[in-house]
Amino acid sequence: MAAVDFRDNLLGISWVDSGWVPILNPGNVLDYFSERSNPFYDRTCNNEVVKMQRLTLEHLNQMVGVEYILLHAQEPILYIIRKQQRQSPTQVIPLADYYIIVGVVYQAPDLGTVISSRALSAVHGIQSAFDEAMSYCRYHPSKGYWWHFKDQEEREKAKPKSKKKEEASSLFQRQRVDTLLLDLRSKFPPTFYQPKPGEKPIPVEVKKEPEPPAEAAKQDEREPATKSSAPAPPSKPPPEKRARLQ
């Protein structure tokens, strides 16, 4: 297997001659491309033979070998030049394409190079992602596997410490309030109760004690008054002491 010479790969370089840039046009772009300092130009091509013999470019169709032609022109900034192998006046094999943008010459990559570059970029990105993921993986025989991210500690440090919630009341206050609520409930019982959540409340029947008749109430009021107005019996004096006979 022959060794690959990376100097043959011209995809990573460019060439420009600033003296030609203001005057470039479809008529002289091939002359600009055939400058001796241009690394993309092959000196053994048929264009050099035509130039030395002072012939027109139409004679290229009658020759066999490598030649350069102007494939596309979009004045004043874009020109595309093709390198091809001519085998007959009607049969050619494209070898490479070059595009000139604002006087700068580049070699257009072929399809195989584009696919290889995209695949290499994708594989590199995937490999970098796997390497970074493995750097966050931790293992301990007692704990097993877990993830430890670099910014996890920073986020925990930056997170404000939550204060302990203070109780709204003490145990004494809660018990006292419960006692008061039970007292109020006994004095003012509910008039409705709900058997189950969502059901309609049912009124509570409160049994009222029968009130005593008005005459009995008046008589009861008179009796304590008469009793209080009656004179109290006179109190008896204490008995006299008698002398003891000896």
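Residues numbered from 1 in each chain as written. Predicted model: local features only at pLDDT ≥ 70, side-chain atom pairs only at ≥ 80, totals over all residues. Heavy atoms only, no water.

Peer 1: When you look at the sheet that holds strand 4 (residues 104–107) in this model, what are you seeing that I'm missing?
Peer 2: Taken in spatial order, the 4 strands make up an open sheet running 1-2-3-4, and their pairing is antiparallel. Because the sheet does not close on itself, it has two edges, and the strands there are strand 1 (65–74) and strand 4. Across the sheet, the mean angle separating the axes of adjacent strands is 30° when strand polarity is ignored. Where strand 2 (residues 78–88) lies against strand 3 (residues 91–101), 10 bridges are found, and the strand directions are antiparallel. Looking at strand 3, one finds that Gln 85 is bridged to Ile 93. (Pairing = 2+ DSSP bridges. Helix = DSSP H or I, 4+ residues; strand = E, 2+ residues; numbered from the N terminus. Axes fitted to C-alpha atoms, helices over the stretch in contact; angles between N-to-C directions.)

Peer 1: Would you mind going over helix 3 (residues 111–135) with me for this structure?
Peer 2: Residue pairs three or four apart in sequence face the same way in an α-helix, which turns once every 3.6 residues. The end-to-end C-alpha separation of helix 3 is 36 Å, in line with the 36 Å expected for 25 residues at 1.5 Å each. Measuring from the backbone nitrogen of Gly 112 back to the side-chain oxygen at the start of helix 3 gives 3.3 Å, which picks out Asp 110 as the cap. (Expected span 1.5 Å × (residues − 1). Polar contact = N/O pair within 3.5 Å; in protein donor to acceptor, adjacent residues only side chain to side chain.)

Peer 1: Could you clarify how one ought to interpret the pairing of strand 2 in this entry?
Peer 2: The side chains of a regular strand alternate between the sheet's two faces. With 9 bridges joining them, strand 1 and strand 2 adopt antiparallel strand pairing. Note on strand 2: the bridge partner recorded for Glu 67 is Gln 84. If you look at the hairpin formed by strand 1 and strand 2, you'll find 3 residues sitting between the two strands. Linking two consecutive strands that pair antiparallel, namely strand 2 and strand 3, is a turn of 2 residues.

Peer 1: I'm lost on the packing of aromatic side chains in this one. Help?
Peer 2: The relative placement of two aromatic rings is captured by the distance of their centres and the angle of their planes. Per the stated rule, a full pass over the model turns up 12 aromatic pairs. A ring pair is formed by Phe 33 and Tyr 98, whose centres lie 5.3 Å apart and whose planes are at 50°; its orientation type is tilted. With Phe 33 in helix 1 (residues 29–33) and Tyr 98 in strand 3, this pair connects stretches of sequence that are 65 residues apart. Ring-pair connections join several aromatic residues into one group, and the members of that group are Phe 33, Phe 40, Tyr 41, Tyr 68 and Tyr 98. When the ring centre of Trp 146 is taken as reference, the NZ or CZ atom of Lys 143 above it lies at 5.6 Å. (Phe/Tyr/Trp six-rings, centres within 6.5 Å; stacked < 30°, edge-to-face > 60°. Lys NZ or Arg CZ within 6 Å of the ring centre and 35° of its normal.)

Peer 1: Quick question: what am I supposed to make of unusual backbone geometry here?
Peer 2: It is generally the case that most residues other than glycine have a negative phi and that most peptide bonds are trans. Residue Pro 76 is reached from Glu 75 by a cis peptide bond, and omega for that bond is 5°. Mapped onto the elements, Pro 76 comes out in the loop between strand 1 and strand 2. Not every positive phi belongs to a glycine, and Arg 54 is a case in point at roughly 55°. Looking at where Arg 54 falls in the secondary structure, it is placed in the loop between helix 2 (46–52) and strand 1. If you check the backbone angles, Val 102 has positive phi at about 50° while not being a glycine. Among the structural elements, Val 102 can be located in the loop between strand 3 and strand 4.

Peer 1: What's the story with the pattern of salt bridges in this structure? I'm lost.
Peer 2: Between side chains of opposite charge, a pair can form when the charged atoms approach closely. Applying the stated criterion across every chain, the model contains 3 salt bridges. With a shortest N-O distance of 3.9 Å, Glu 48 and Lys 51 are connected by a salt bridge. Placement of both Glu 48 and Lys 51 in helix 2 is noted, with a separation of 3 residues, approximately one turn of the helix. Given the relative accessible area of 42%, Lys 51 is considered partly exposed. Of the charged contacts in the structure, one is a salt bridge between Glu 67 and Arg 86, with a shortest N-O distance of 2.9 Å. Here Glu 67, found in strand 1, pairs with Arg 86, found in strand 2; they are 19 residues apart in sequence, far enough to count as distant. Both residues of the pair, Glu 67 and Arg 86, belong to the buried class. (Salt bridge = Lys/Arg side-chain N within 4 Å of Asp/Glu carboxyl O. Buried < 20%, exposed > 50% of the residue type's maximum accessible area, 1.4 Å probe, protein only.)

Worth remembering: the numbers are spatial, not functional.
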